[in-house]
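# Residue-level structural notes
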Amino acid sequence: MRLNFLRRMSFVDLASLRIKYKSEKEIFLESSIDRKEPISLFRKWLQEACDTPEIIEPNAMCLATATKDAVPSARFVLLKDVTDEGFTFFTNYESRKADELAQNPNVALAFYWLPLRRSVRIEGSAERISRDASEAYFHQRPRASQIGALVSPQSKPIPNREFLDKKEKAIKEELGPDREVPLPNWGGYLVRPKAIEFWQGQTNRLHDRIRFRKELQVGDSVDGELLHQGDGGWVYERLAP
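As the structure is a prediction and not an experimental result, all values here were calculated from the model.

Within the protein one finds six helices and ten strands. Residues counted as buried form 39% of the 241 residues belonging to the protein. For the protein, the exposed area adds up to about 14700 Å²; of that, 53% sits on carbon and sulfur atoms. Charge centroids of the protein, computed over 38 positive and 36 negative side chains, lie 6 Å from each other.

Structure (structure tokens):
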């Protein structure tokens, strides 16, 4: 009995964990969006995240993929570019995520910047970028990262850690200090967004959610009350928290 009691006491009381979010003076309003489209707003929020010292990796994002049978999986990757076309990340083309993208290009991305009490959710489809663009970025990476990509059969079972260490040593010896690291089966994906939602937490839990989307659903009407016409072919709406 005593041991069980101590075990219960050692657990964190998850139900009581709460942090303060934004105050009523910091509500996220549509009027604060200069251009009514999501890419420029995302860049603004990302820049503010980059300027916040407490946020160590502002470009870290959760990438969710699914198989052709809609079985999901998620992991964190790094955003490496954002343009009007979409969001780019890089990975091994033989990884689990790449296998799933080959079956089902529909993806979701999620950013969470805790010190700013902000999150961004992106839904869209992923496609490979050109080999030339992948190779150009690959050779901008630190040499150790290039070799690491060549070493790792990502997502495949390996016997032990020593397997990687030996393979890395062999590749380093083969390449020497100056020979160019060849591009493995590795490269970038561009996620073309269909919907982008901006979330800002409020302490009273009446969180702000503004969603932009490209596609109208059956029965949608851009009435200026619930659904508004944005810029660049986007429409936007406020969602209940």
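Under the defined criterion, the tally for this structure stands at 15 aromatic pairs. Residues Phe89 and Tyr189 carry aromatic rings whose centres are separated by 5.5 Å and whose planes lie at 20° to one another, so their mutual orientation is stacked. You can see Phe89 sitting in strand β4 (residues 87-92) and its partner Tyr189 sitting in strand β7 (residues 186-200), a full 100 residues away along the chain. In this structure Phe89 comes out as buried when scored by relative accessible area, which is 0%. Residue Tyr189 is classed as buried on the basis of its relative accessible area of 4%. Among the aromatic residues, those joined into a cluster by ring pairs are Phe28, Trp45, Phe198, Phe212 and Tyr236. Its end group placed over the ring of Trp45, Arg118 keeps NZ or CZ at 4.2 Å from the ring centre. Above the ring of Tyr93, the side-chain terminus of Arg128 is found at 3.7 Å from the ring centroid.

Okay, helix α4 (residues 131-138) next. Among the residues making up α4, those that are buried are Ser134, Tyr137 and Phe138. What you see down the axis of α4 is that its buried residues fit within an arc of 105°, all on one side. Check the buried side of α4 and you find it contacts β4, α5 (143-151) and β7.

The next subject is the side chain of Thr91. In this structure, Thr91 sits in strand β4. Ignoring anything within four residues of it in the chain, the contact list for Thr91 reads Lys97, Gln154, Trp186, Gly187 and Tyr189.

With that out of the way, let us pick up helix α3 (residues 96-103). Those residues of α3 that sit buried are Lys97, Ala98, Glu100 and Leu101. All buried residues of α3 fall inside an arc of 165° around its axis, so they share one side. Those residues of α3 hidden inside the fold are in contact with β1 (60-66), β2 (72-78), β4, β5 (106-113), β6 (118-128) and β7.

Attention shifts here to the pattern of salt bridges. All told, the structure shown has 17 salt bridges when counted by the stated rule. The residue Glu100 makes a salt bridge to Arg75 at a minimum N-O spacing of 3.9 Å. Here the residue Glu100 occupies a position in helix α3, and Arg75 occupies one in strand β2, the gap between them amounting to 25 residues. Glu100 gets classed as buried once you look at its relative accessible area, which sits at 3%.

According to UniProt, the "domain: Pyridoxine 5'-phosphate oxidase dimerisation C-terminal" (unreviewed entry) feature falls on residues 186-241. Annotation note: span residues 186-241, helix share 0%, strand share 48%, distance between end C-alpha atoms 39 Å.

Rules used throughout
- Residues numbered from 1 in each chain as written.
- Predicted model: local features only at pLDDT ≥ 70, side-chain atom pairs only at ≥ 80, totals over all residues.
- Heavy atoms only, no water.
- Helix = DSSP H or I, 4+ residues; strand = E, 2+ residues; numbered from the N terminus.
- Buried < 20%, exposed > 50% of the residue type's maximum accessible area, 1.4 Å probe, protein only.
- Areas by Shrake-Rupley, 256 points an atom, 1.4 Å probe, with all protein chains shown as cover.
- Lys, Arg positive; Asp, Glu negative; His and termini not counted.
- Charge placed at Lys NZ, Arg CZ, Asp CG, Glu CD.
- Phe/Tyr/Trp six-rings, centres within 6.5 Å; stacked < 30°, edge-to-face > 60°.
- Lys NZ or Arg CZ within 6 Å of the ring centre and 35° of its normal.
- Arc of directions from axis to C-beta.
- Contact = heavy atoms within 4.5 Å.
- Salt bridge = Lys/Arg side-chain N within 4 Å of Asp/Glu carboxyl O.
- UniProt positions renumbered as here; feature names shortened; annotations may be inferred.

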